[in-house]
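Close look at the chain arrangement
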Amino acid sequence: KAGVTQTPRYLIKTRGQQVTLSCSPISGHRSVSWYQQTPGQGLQFLFEYFSETQRNKGNFPGRFSGRQFSNSRSEMNVSTLELGDSALYLCASSSEGDQPQHFGDGTRLSIL
Amino acid sequence: GIQVEQSPPDLILQEGANSTLRCNFSDSVNNLQWFHQNPWGQLINLFYIPSGTKQNGRLSATTVATERYSLLYISSSQTTDSGVYFCAVRHGQNFVFGPGTRLSVLP
């Protein structure tokens, strides 16, 4: 069974640009969650999607948005990039809310 | 919101030594997981353990949900065990990570 796949693995952008990250969950998993990891703030929850609906959202500005498609694949978009958005973005999938989360390898985003 | 604490923050061991990592949480949880983040940033599932005790090779974990803590035991540590160990809990709809324990195993 293939694991969680995140693309791209690395990305370099400049301030003011926007970026879209992709996450393909484990087959059969309907819940996809996104996290931001920075040295200063640790691992912080961004949002969770389940069956194409955003079920939960962390404390991030509206520049961070996401969506989930009917095949459970999810995308995360960050607009008007800031230097502080440089981070490792991790996606996790699970079959249902209380079941174990399985993480992808992440997308490392650098803002110049 | 729920608070998740981990101790110690840093740990240095000689290869072959044993260690215990602790995770405390401030409220009841629906699930608890332990992860190992390797130097390349990959988060590896170690245990899904909302309660009870589980073992997997040299690693074992115990969660005492009524007392709001979980322990991760690493026996006969190896250099490949180095990295950051996170516990994470689901509280309602939120999945919250602790700050991690950074483990360095020296040869």
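Preceding block: the structure.
Conventions we followed
Residues numbered from 1 in each chain as written. Chains lettered and ligands numbered in written order. Predicted model: local features only at pLDDT ≥ 70, side-chain atom pairs only at ≥ 80, totals over all residues. Heavy atoms only, no water. Phe/Tyr/Trp six-rings, centres within 6.5 Å; stacked < 30°, edge-to-face > 60°. Buried < 20%, exposed > 50% of the residue type's maximum accessible area, 1.4 Å probe, protein only. Lys NZ or Arg CZ within 6 Å of the ring centre and 35° of its normal. Pairing = 2+ DSSP bridges. Helix = DSSP H or I, 4+ residues; strand = E, 2+ residues; numbered from the N terminus. Axes fitted to C-alpha atoms, helices over the stretch in contact; angles between N-to-C directions. Salt bridge = Lys/Arg side-chain N within 4 Å of Asp/Glu carboxyl O. Contact = heavy atoms within 4.5 Å.

To continue, consider the packing of aromatic side chains. Within this structure, the stated rule accounts for 11 aromatic pairs over all chains. Ring geometry for B:Phe95 against B:Phe97: centres 5.6 Å apart, planes inclined by 90°, an arrangement best described as edge-to-face. For the pair B:Phe95 and B:Phe97, a shared accessibility class is recorded, and that class is buried. The structure contains a cluster of three or more aromatic residues connected by ring pairs, namely A:Tyr35, A:Phe45, A:Phe103, B:Phe35, B:Phe86, B:Phe95 and B:Phe97. The cationic tip of B:Arg22 hangs over the ring face of B:Tyr69; the distance from NZ or CZ to the ring centre is 4.2 Å.

Moving on, we come to the sheet that holds strand β8 (residues 69-74) of chain B. All names here are of chain B. If you trace the 5 strands from one edge of the open sheet to the other, you get β1-β3-β8-β7-β6, paired in antiparallel fashion. Here the strands that pair on one side only, and so sit at the sheet edges, are β1 (4-7) and β6 (52-56). Each neighbouring strand pair of the sheet contributes to a mean axis angle of 15°, computed without reference to strand direction. Both strand β3 (residues 19-25) and β8 contribute to a ladder of 6 bridges, which runs antiparallel. When the sheet's bridge partners are listed, Cys23 is paired in β8 with Ser70.

All chains considered together, the criterion is met by 7 salt bridges over all chains. With a closest N to O distance of 3.8 Å, A:Glu48 and B:Arg90 form a salt bridge. One end of the pair, A:Glu48, is in strand β5 (residues 42-50); the other, B:Arg90, is in strand β9 (residues 83-91), on a second chain. As far as the burial class goes, A:Glu48 and B:Arg90 line up, both buried. Here A:Arg63 and A:Glu82 are joined by a salt bridge, their closest N and O atoms 3.6 Å apart. Taken together, the residues span a long stretch of sequence, with A:Arg63 in the loop between β6 (53-57) and β7 (64-68) and A:Glu82 in the loop between β8 (74-78) and β9 (87-94) at a distance of 19 residues. Among the charged side chains, a salt-bridge network with shared partners connects A:Glu48, A:Arg55 and B:Arg90.

With respect to the helices and strands, the residue B:Phe97 is situated in strand β10 (residues 94-97). For B:Phe97, a relative accessible area of 8% translates into the label buried. Sequence-wise, B:Phe97 and B:Gln3 are 94 residues apart; in three dimensions their C-alpha atoms are separated by 9.0 Å. The residues contacting B:Phe97, other than those within four sequence positions of it, are A:Tyr35, A:Leu43, A:Phe103, B:Val4, B:Phe35, B:Leu43, B:Phe86, B:Cys87 and B:Ala88.

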